[in-house]
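As a plain string of letters, each chain reads:
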Amino acid sequence: MKTLRFILEKEFRQIFRDPSILRMIFVMPILQLIVLPIVANYEVKNVKIAVIDHDHSPVSKRMINKLEAGGYFKLTGYCVGYQEALQYVEQEQADLILEIPTHFERDLVKEGAAKLFVAVNAINGVKAGLGASYLSSLLRDYNSDIRMESFPATKFSQTPQLIVTYANWYNPFMSYKLFMVPGILVVLITMIGSFLTSLNIVKEKEIGTIEQINVTPIKKYHFILGKLIPFWVLGMIVLTLGLIVARVVYGISPVGNIGLLYAFSAVYLVAVLGLGLLVSTITQTQQQAMLIAFFLMMIFIMMSGLYTSIDSMPYWAQVVTWFNPVRYFIEVMRMVVIKGSGFADIAINLGIIFIFGVLLNTWAIISYKKRS
Amino acid sequence: MSKLANNEREVVISATELTKQFGDFIATNAITFEVFRGEIFGFLGANGAGKTTAMKMLCGLSTPTRGRATVAGFDVSTESEKIKKNIGYMSQKFSLYEDLTVTENIRFYAGIYGLSIPVIKEKTAALLQQLNMKSQKNVLVKALPLGWKQKLAFSIAIIHDPAVVFLDEPTGGVDPITRREFWEMIYAATNRGTTAFVTTHYMDEAEYCNRISIMVDGKIEALGTPADLKSKFNSETMDDVFLKLARNAKRIGD
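Computed from a prediction, not measured in an experiment: that's the story for all the values here.

**Student:** Is there a simple way to explain the overall build of chain B in this structure?
**Tutor:** On a plain count of helices and strands, chain B comes out with 10 helices and 10 strands. In terms of overall dimensions, chain B is globule-like: its C-alpha atoms have a radius of gyration of 18 Å, near the 18 Å expected for 254 residues. Overall, chain B is about 50 × 40 × 40 Å in size when its C-alpha atoms are taken along their principal axes. For chain B, the residues scored as buried account for 54% of the 254 residues in total. If you take every contact in chain B between residues at least 6 apart in sequence, the share linking residues at least 24 apart comes to 69%. Of the roughly 11,100 Å² that chain B leaves accessible, carbon and sulfur atoms contribute 50%. Mean positive and mean negative side-chain charge positions of chain B (31 and 29 charges, respectively) differ by 4 Å.

Printed below as a string of structure tokens:
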């Protein structure tokens, strides 16, 4: 125990003397939490639309006004022909083209039906899909307005209609921030826990001090604990900072028990610290450790359900996510923060992370060798 | 050398057919020698001759492929952790923490060798006095000149009064005056009963050793006092002895 005290003393001194570590621990998480949720936003706004109105009727005018008034669309071009509108698309000045044919009003009134043409620039798939569906729901809306005006008598009438209304539980306003902030916090804790640890150990390998440590009577577990404990503490500090930022900046305070978040985080950090230790035993330089970290982090984030729902992944990809510890913490974080889940709800995830912790640390301790 | 004349010399390091093989490459090839208590043993050889590998085996950093060796009475293959309590080591690479101060480095290494806080305080004061570094005690090690760092590293390597101290090219890049002072520190330590096992490329330093061995291509080609070797190889200087042996080397140095 006495040995461990000296090691911890040294590690904490070094951490608090290293400006880059301090920046990574304090500045990076706060900045990321403030910036990322604002930019990582699925709401599509400012969809640029070019309109070709061959009809020039009151009906078509009203339709265009309605488009502009909605806030989602920005009318960037009012064109004479399709070719001209296409140029707007080619020059990135329009995402959508809406073509209103001649006799649109006449057909609508006389025949009770008229056709519109919509062309979508599908280079940015998300924007194209959402823009097109916004447009069609807007048009559907407009359609029912017109029907009510034209055939007021049939208002409560013959054609039975299904009207769907819905309520968004737990996140009533469908705020992306409420959804993203807890997830991003998990990613930050993972980075601190695993990759700062591995960089720290590999740095000692690079400088050569690890060789000096290996000729002393320091026990393997002393050295490992000496490296893991400080980063475990730092991970908890980042969690605290993150929760404060979520509260102050976004007004998000966990619906569930904060103690539960800390308890889960405590176990989770042990697991990711084990991962960091493992990376450090298989790499010789900080550069190698960085590359592995980068590769793992990409997969961890993409397959964690942070941005895209795991349920909509192909089955094989869902199987891959079972081996991603980040996935389990993001689930727990969202469940506790947004939904207020209790211990019983997260017990399975806790158990899985515990197993991760045991396996990763055992593997890492076996691969860490004082001699060759 | 009255110490050498003593017939009841205590063996501190003994190696028998000690070998380390990496695949087909035999880095250290069946070396056999003994080092006695209080001796300064020079371990010479060209780059790539296998000195560092041999030293790592003796320190318990590397497991021998064949042969056996004992250091301070413990077997290097099976009791390496016991050896580690009884040796000091100073490597080619700089071994102190640059982002810690002089006293913090002393405190850390003394602490992990199990010295108690009062003893650490006492030793720190004595060491700062001896190295004339009192005014630098709270300076980060990275701010010290190389010669000072090496002297500090040596003092820290022997802070727990080990039976043997291994020095792997301790004076590389250090100026002649500091080198001289460094060797005086080695003499002082050996007078207190510590054995020094030194590798070096400076032949004037080889002359300071009680006995030296010269390794060529993984084998010990010569072993004896500097005077013995000079007469055996008909040479005026150790430099000449070294060149006569090392020129036959087939390995390309690193």
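Resuming the write-up.
**Student:** Looking at this model, I keep getting lost on the sheet that holds strand 4 (residues 117-120) of chain A. Mind explaining?
**Tutor:** Residue and element names in this part refer to chain A. On the basis of which strands lie adjacent, the open sheet formed by 4 strands has the order 2-1-3-4 and mixed pairing. In this open sheet, the two edge strands, each paired with only one partner strand, are strand 2 (73-79) and strand 4. In this sheet, adjacent strand axes meet at a mean angle of 25° when their direction is disregarded. In terms of strand pairing, strand 1 (residues 47-53) meets strand 3 (residues 96-100) through 5 bridges, oriented parallel. Note that in strand 3 the partner of Ile52 across the bridge is Glu99. With respect to the sheet, helix 3 (residues 58-69) is in contact with strand 1, strand 2 and strand 3, its orientation differing from that of strand 2 by roughly 145°.

**Student:** Explain the domain arrangement of chain A to me, please; I cannot follow it from the model alone.
**Tutor:** By a frequent convention, interface size equals the accessible area lost on bringing the separate parts together. Per the domain assignment, the segments of chain A are domain 1 (15-40 + 175-367) and domain 2 (47-156). Taking the mean C-alpha position of each, domain 1 of chain A and domain 2 of chain A sit 48 Å from one another.

**Student:** How should I be thinking about the interface of chain B and chain A in this particular structure?
**Tutor:** Listed by partner, the interface residues are 39 residues for chain B and 28 residues for chain A. The three residues of chain B that bury the most area against chain A are Leu61(B), Tyr97(B) and Ile112(B), which together make up 21% of that side's buried surface. Among the salt bridges present, the one from Glu104(B) reaches Arg13(A), with a minimum N-O distance of 3.0 Å. Along the contact surface separating chain B from chain A lie 12 residue pairs in polar contact (both at pLDDT 80 or more). Looking at the side of chain B that touches chain A, the elements that each hand over two or more residues are helix 2 (51-59), helix 3 (80-85), strand 6 (87-90), helix 4 (102-112) and helix 5 (117-131) of chain B. Examining the composition of the side of chain B that touches chain A, we find that 6 residues originate from one element, helix 4 of chain B, more than from any other.

**Student:** Quick question: what am I supposed to make of the sheet that holds strand 1 (residues 11-22) of chain B here?
**Tutor:** To summarise the sheet geometry, strands pair through backbone hydrogen bonds and adopt either a parallel or an antiparallel arrangement. Residues and elements named next belong to chain B. The strand order across the open sheet built from 4 strands is 2-1-4-5, with neighbouring strands paired in antiparallel fashion. Where the open sheet ends on each side, the last strands, each with one partner, are strand 2 (25-36) and strand 5 (74-75). Pairing between strand 1 and strand 2: 8 bridges, direction antiparallel. When the sheet's bridge partners are listed, Val11 is paired in strand 2 with Phe36. Across the sheet, helix 2 lies against strand 1, strand 2 and strand 4 (66-71), angled at about 120° from strand 1, the strand it touches most.

**Student:** How should the pattern of salt bridges be read in this particular structure?
**Tutor:** One pass over the structure, following the stated rule, counts 24 salt bridges over all chains. As a salt-bridge pair, Glu9(A) and Arg107(B) come within 2.5 Å of each other at their nearest N and O atoms. Of this pair, Glu9(A) sits in helix 1 (residues 2-17) while Arg107(B) sits in helix 4, which puts the two residues in different chains. Salt-bridge contacts for Glu79(B) lead to Lys82(B); the nearest nitrogen and oxygen are separated by 3.8 Å. Judged by its relative accessible area of 25%, Glu79(B) is partly exposed. The class of Lys82(B) is partly exposed, set by a relative accessible area of 44%. Three or more residues are tied together by salt bridges with common partners; here these are Glu9(A), Arg13(A), Arg17(A), Glu104(B) and Arg107(B).

**Student:** Please clarify how helix 1 of chain A should be interpreted in this entry.
**Tutor:** An α-helix turns once every 3.6 residues. As a result, residues three or four positions apart point the same way. Helix length check: helix 1 of chain A, at 16 residues, gives a terminal C-alpha distance of 23 Å against a target of 22 Å (1.5 Å per residue), a fit within 8%. Within helix 1 of chain A the residues assigned to the buried category are Thr3(A), Leu4(A), Phe6(A), Ile7(A), Leu8(A), Lys10(A), Glu11(A), Gln14(A) and Ile15(A). If you follow the buried residues of helix 1 of chain A, they end up packed against helix 2 (19-39), helix 7 (176-207) and helix 9 (220-250) of chain A together with helix 4 and helix 5 of chain B.

**Student:** Please explain helix 7 of chain A as it appears in this structure.
**Tutor:** Taking 1.5 Å of rise per residue, 32 residues should cover 46 Å, and helix 7 of chain A covers 45 Å from first to last C-alpha, within 8% of that figure. One or two steps after helix 7 of chain A, the chain reaches Gly208(A), where phi turns positive at roughly 105°.

**Student:** Please explain a nonpolar patch on the surface as it appears in this structure.
**Tutor:** Residue and element names in this part refer to chain A. Side chains of Val27, Leu31, Ile34, Val35, Ile38, Val39, Ile244, Val248 and Val249 sit close together on the surface and give an oily, nonpolar patch of about 780 Å² of accessible area. At 6 residues, the largest contribution of residues to the nonpolar patch is made by helix 2. Along the chain, Leu31 falls in helix 2.

**Student:** I keep staring at the packing of helix 4 of chain B against helix 5 of chain B and nothing clicks. Help me out?
**Tutor:** Packed helix pairs are characterised by how far apart their axes lie and by the angle those axes make with each other. Residue and element names in this part refer to chain B. With their axes 10 Å apart at the nearest point, helix 4 and helix 5 run at an angle of 135° to one another. Taken together, helix 4 and helix 5 sit at an angle that is classed as oblique. Seen from above, helix 4 lies across helix 5 with right-handed handedness. Mapping the contact onto sequence places Val102, Thr103, Ile106, Arg107, Ala110 and Gly111 in helix 4 and Ile117, Ile120, Thr124, Leu127 and Leu128 in helix 5.

**Student:** Where do I start with the nonpolar core in this structure?
**Tutor:** What tends to happen in soluble globular proteins is that the nonpolar side chains get buried as a cluster. Grouped together as the largest cluster of nonpolar side chains are 125 residues, with contacts concentrated most on Tyr268(A), Leu152(B), Phe154(B) and Ile214(B). By residue number, the principal contributor to this core is helix 7 of chain A, which donates 15 residues. For Phe154(B), the residues in contact, after removing those within four places along its chain, are Met90(B), Val165(B), Leu167(B), Phe182(B), Met185(B), Ile186(B) and Ala189(B). Counting 27 residues, the second-largest nonpolar core is a separate cluster that includes Ile31(B), Val35(B), Ala54(B) and Phe197(B).

**Student:** Help me understand the environment of Lys220(A), please; the structure alone is not making it clear to me.
**Tutor:** All names here are of chain A. Secondary-structure assignment places Lys220 in helix 9. Owing to a relative accessible area of 29%, Lys220 belongs among the partly exposed residues under this scheme. Sequence separation between Lys220 and Gly81 is 139 residues; the distance between their C-alpha atoms is 76 Å. With residues near it in sequence (within four places) discarded, Lys220 still touches Ile365, Ile366 and Tyr368. In terms of polar contacts, Lys220 uses its side chain to reach the backbone carbonyl oxygen of Ile365, at 2.8 Å.

The rules behind each value
- Residues numbered from 1 in each chain as written.
- Chains lettered and ligands numbered in written order.
- Predicted model: local features only at pLDDT ≥ 70, side-chain atom pairs only at ≥ 80, totals over all residues.
- Heavy atoms only, no water.
- Helix = DSSP H or I, 4+ residues; strand = E, 2+ residues; numbered from the N terminus.
- Rg over C-alpha atoms; globule rule 2.2 N^0.38 Å.
- Buried < 20%, exposed > 50% of the residue type's maximum accessible area, 1.4 Å probe, protein only.
- Contact = heavy atoms within 4.5 Å.
- Areas by Shrake-Rupley, 256 points an atom, 1.4 Å probe, with all protein chains shown as cover.
- Lys, Arg positive; Asp, Glu negative; His and termini not counted.
- Charge placed at Lys NZ, Arg CZ, Asp CG, Glu CD.
- Pairing = 2+ DSSP bridges.
- Axes fitted to C-alpha atoms, helices over the stretch in contact; angles between N-to-C directions.
- Domains from an automatic or database assignment.
- Buried area = accessible area lost by both parts, 1.4 Å probe.
- Salt bridge = Lys/Arg side-chain N within 4 Å of Asp/Glu carboxyl O.
- Polar contact = N/O pair within 3.5 Å; in protein donor to acceptor, adjacent residues only side chain to side chain.
- Expected span 1.5 Å × (residues − 1).
- Patch = residues over 30% accessible without salt bridge, like charges linked within 9 Å, V, L, I, M, F, W, Y side chains within 5 Å.
- Parallel < 35°, antiparallel > 145°, perpendicular 65-115°, else oblique.
- Left-handed = near helix turned anticlockwise from the far one by under 90°.
- Core = buried A, V, L, I, M, F, W, Y, C linked by side-chain atoms within 4.5 Å.

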